[in-house]
Amino acid sequence: MKDSRIRSVVKALSWRVIATGTTMSLVYWGTGDVELMAHIGIADVLIKLFFYFIHERAWGRIAWQRAVLRA
């Protein structure tokens, strides 16, 4: 069974919330600084989205183990 696009988007967003929440929790636990926690949380989302985009584009150029669909 194949996931729908909307399911994939929701899964990606829910993971991003969990991952960023983890990072923010660790920052708060380590520093007790809410402002620093917020700044790092925002930076975490922006930086990781950028690098994920670059990663996906790079893998799009690699043919290794890519299935060839025939009509």
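Structure's up top.
Per chain, residue numbering runs from 1 following the sequence as it is written. For this predicted model, a pLDDT threshold of at least 70 governs which residues receive local features, and a threshold of 80 or more governs which side-chain atom pairs are given and counted, while totals over whole chains, interfaces and linings are taken from all residues. Computation of side-chain values covers all heavy atoms of the structure but excludes hydrogens and water.

### A few points about the side chain of Thr20
Phase 1 of the analysis: The helix and strand labels rest on DSSP assignments: H or I over at least four residues marks a helix, E over at least two residues marks a strand, and numbering proceeds from the N terminus. Within the secondary structure, Thr20 sits in helix α1 (residues 5–31).
Phase 2 of the analysis: Each residue is assigned to one of three classes by its accessible area relative to the maximum for its type, calculated with a 1.4 Å probe on protein chains only: buried under 20%, partly exposed between the two thresholds, exposed over 50%. Residue classification places Thr20 among the buried positions, given a relative accessible area of 8%.
Phase 3 of the analysis: In the analysis that follows, any N or O atom pair within 3.5 Å is treated as a polar contact, provided that within protein one partner can donate a hydrogen and the other can accept it, and provided that, for residues neighboring in sequence, both atoms belong to side chains. A distance of 3.1 Å separates polar atoms of two side chains, one belonging to Thr20 and the other to Asp44.
Phase 4 of the analysis: Pairs of residues are marked as contacts when any of their non-hydrogen atoms sit within 4.5 Å. Every residue in contact with Thr20, bar those within four places of it in the chain, is listed here: Gly41, Asp44 and Val45.

### Brief notes about the packing of aromatic side chains
Phase 1 of the analysis: Only Phe, Tyr and Trp rings take part, Trp by its six-membered ring, and two of them pair if their centres are within 6.5 Å. Stacked means planes under 30 degrees apart, edge-to-face means over 60, and tilted covers everything else. The tally for this structure, following the rule as stated, stands at 2 aromatic pairs.
Phase 2 of the analysis: The interplanar angle of 70° and the centroid separation of 5.3 Å between the aromatic rings of Phe50 and Phe51 together place this pair among those described as edge-to-face.
Phase 3 of the analysis: Given the relative accessible area of 48%, Phe50 is considered partly exposed.
Phase 4 of the analysis: Between Trp59 and Trp64, the ring centres sit 6.4 Å apart and the planes meet at 45°, which makes this aromatic pair tilted.
Phase 5 of the analysis: Using a relative accessible area of 39% as the deciding quantity, one classes Trp59 as partly exposed.
Phase 6 of the analysis: Judged by relative accessible area, which is 62%, Trp64 ranks as exposed.

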